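# Breakdown of the fold
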Amino acid sequence: MKYRRGVIKLVYNGFMEATNSKNNGEKIFNKQQTKYFIKLFTNDFIAKYLAKNKNLVVVFEGELGAGKTQIIKWIAKNLGIKEIIQSPTFALWKGYKFKIKNKEFLMNHIDLYRLNNPKDIFKLGLRKNLKEPNNVFFIEWGEKIKKFLSAPFVGFKISIEKNNKRKIIING
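First things first, this report covers the structure right here in the doc. All values derive from a computational prediction rather than experimental measurement. (Residues numbered from 1 in each chain as written. Predicted model: local features only at pLDDT ≥ 70, side-chain atom pairs only at ≥ 80, totals over all residues. Heavy atoms only, no water.)

## So, the pairing of strand β8 (residues 154-160)
Counted only if it meets this: If DSSP finds at least two bridges between two strands, the strands pair. Helix and strand assignments follow DSSP, with helices taken as H or I runs no shorter than four residues and strands as E runs no shorter than two, numbered in order from the N terminus.
Relative to β8, strand β4 (residues 55-61) runs parallel, the two being bridged by four bridges. Bridged to V58 within β8 is V154. By the bridge criterion, six bridges tie β8 to strand β9 (residues 166-171) in an arrangement that is antiparallel. By the bridge assignment for β9, G155 is matched with N171. The hairpin formed by β8 and β9 contains five residues between the paired strands, and N163 there has a positive phi angle of roughly 55°.

Here it is as structure tokens:
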């Protein structure tokens with residue numbers, strides 16, 4: 001399966017089962033297959049994108065408990081990050097180093113849940129860091145900041161559906 005922006009929709013339940021909707025055809029994936037999709041997204045999209053661009057911004061939208069942090073954990077693992085990834089709800093921003101083809105990058109995990117005014121994140125240096133090379137940003141509660149981003153970004157929109165299933169729409 002290849003990632004195509006704006007085409008893939010995933011649906012998963014507590015075990016991250018997924019549906020890939022393409023041309024109205026659906027296929028059910030189990031947790032391992034969903035993790036494999038995230039691996040493909042990491043290797044086929046993120047790695048190739050960073051080979052041609054100086055940084056990447058991915059915003060995650062969805063209600064509390066939708067799975068934003070879980071997907072970021074899987075991406076981080078696929079990037080080779082060994083540290084335990086936790087949502088930086090109270091710290092707001094946490095950085096993790098990783099390498100792609102001997103080139104060092106910094107994964108910036110940002111959680112905007114507690115911010116009433118999303119512009120406050122810019123006071124912590126986000127605007128400057130967005131311009132710095134070799135930075136990857138994963139921003140939880142990204143709907144709060146999308147309209148302030150001047151850099152292009154990829155969006156993961158996650159919604160909780162019936163029977164504890166999730167729908168993930170990726171676009172950018």
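## Describing a positive patch on the surface
As a reminder of what qualifies: In this analysis, a patch consists of residues with relative accessible area above 30% that form no salt bridge, clustered at 9 Å for like charges and at 5 Å for the nonpolar side chains Val, Leu, Ile, Met, Phe, Trp and Tyr. Throughout, the Shrake-Rupley method with a 1.4 Å probe supplies accessible areas, and for residues the shown protein chains are the sole cover considered. A carboxyl oxygen of Asp or Glu within 4 Å of a side-chain nitrogen of Lys or Arg is what we treat as a salt bridge. When charges are counted, neither His nor the chain ends are considered; positive counts come from Lys and Arg and negative counts from Asp and Glu. The location of each charge is read from NZ of Lys, CZ of Arg, CG of Asp or CD of Glu. The rule is simple: take the accessible area with a 1.4 Å probe, protein chains only, and divide by the maximum for that residue type; under 20% is buried, over 50% is exposed, in between is partly exposed.
Together, K54, K119, R127, K131 and K147 line one region of the surface with positive charge. With respect to the helices, strands and loops of the structure, K119 is situated in the loop between β6 (103-111) and α3 (120-123). Residue classification places K119 among the partly exposed positions, given a relative accessible area of 45%.

## What to know about the nonpolar core
Cut-off, in case you're wondering: As used here, the term nonpolar core means buried Ala, Val, Leu, Ile, Met, Phe, Trp, Tyr and Cys residues forming a set that is joined through side-chain atoms within 4.5 Å. Between two residues, a contact is recorded if the distance between any of their heavy atoms is within 4.5 Å.
Counting 30 residues, the largest nonpolar core has M107, F138 and F156 as its most contacted members. Contributing elements (two or more residues each) for this core: α1 (31-52), β4, α2 (68-78), β5 (93-100), β6, β7 (135-140), β8 and β9. If one sorts the elements of this core by residue count, α1 sits on top with six residues. If we ignore the near neighbours within four places in the chain, the residues touching F156 are I38, F41, V58, V59, F60, E61, I71, I168, I169 and I170. Among the nonpolar cores identified, the runner-up in size contains 16 residues, and I110, L112, L130 and L149 belong to it.

## Remarks on the pattern of salt bridges
Under the counting rule described, the total for this entry stands at two salt bridges. One salt bridge connects E61 with K146, and the closest N-O pair in it is separated by 2.8 Å. Taken together, the residues span a long stretch of sequence, with E61 in strand β4 and K146 in the loop between β7 and β8 at a distance of 85 residues. For K146, a relative accessible area of 30% puts it in the partly exposed group. In this structure, the salt-bridge partner of D120 is K123, at a minimum N-O distance of 3.3 Å. With D120 and K123 both in helix α3 and three residues apart, this pair spans about one turn of that helix.

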